[in-house]
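Overview (structure and organization)
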Amino acid sequence: MPPPSPHVPVEAIREAARRAVAEASLRAVARSIPMSPMGLQHFVNGTRPYRSTLRKLTAWYVNRGASRGEFSEDTAQAALAILLDGIPEGQQADARAALLERLASLHADARTELPLWLARLLDAEADGAEPDDSG
């Protein structure tokens, strides 16, 4: 199974899943993703998910964060991964950079301050660094 994109904050998603299970139940969280409870348990315990499962987990993570008003750098990375799904792997870096630059341009045109998550992602792109998976 190929590794997940470095731009998908897998460990942040894993931690969110752990917290959600602690707040509710394994079955309830698995149902909301949707995936099997055993698959969710394996993911929470540290296994690397299949690509299709990671897509579900990523969508759940973005939806959960947005519904709670938590739009962090990790949430933005996950949302970008969803938006770029289907773009060939070799073109994703350019597409990601273009999306981030366009968002920055829109903020400049509106004379609004860049959100912290956008500033950090732009800095990481400029440095050529992998995004920080810690938040």
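These numbers come from a predicted model, not from an experiment. (Residues numbered from 1 in each chain as written. Predicted model: local features only at pLDDT ≥ 70, side-chain atom pairs only at ≥ 80, totals over all residues. Heavy atoms only, no water.)

Counting secondary structure elements, the protein contains 7 helices and 0 strands. In the protein, the order of α-helices and β-strands from amino to carboxyl end is α-α-α-α-α-α-α. Taking 135 residues into account, the globule formula puts the C-alpha radius of gyration at 14 Å, and the protein, at 15 Å, falls close to it. The principal-axis extents of the C-alpha atoms in the protein amount to approximately 45 × 30 × 20 Å. A burial count over the protein gives 35% of its 135 residues as buried. When the accessible surface of the protein is totalled, it reaches about 7,800 Å², and 54% of it is carbon and sulfur. (Helix = DSSP H or I, 4+ residues; strand = E, 2+ residues; numbered from the N terminus. Rg over C-alpha atoms; globule rule 2.2 N^0.38 Å. Buried < 20%, exposed > 50% of the residue type's maximum accessible area, 1.4 Å probe, protein only. Areas by Shrake-Rupley, 256 points an atom, 1.4 Å probe, with all protein chains shown as cover.)

In this structure, proline 34 follows isoleucine 33 across a cis peptide bond, with omega equal to -15°. Among the secondary structure elements, proline 34 is positioned in the loop between helix H2 (26–32) and helix H3 (37–44). The phi dihedral of arginine 111 falls on the positive side, at around 55°, and the residue is not glycine. Inspection of the secondary structure puts arginine 111 in the loop between helix H6 (89–110) and helix H7 (116–127). On the basis of relative accessible area, arginine 111 is assigned to the exposed category, the value being 77%.

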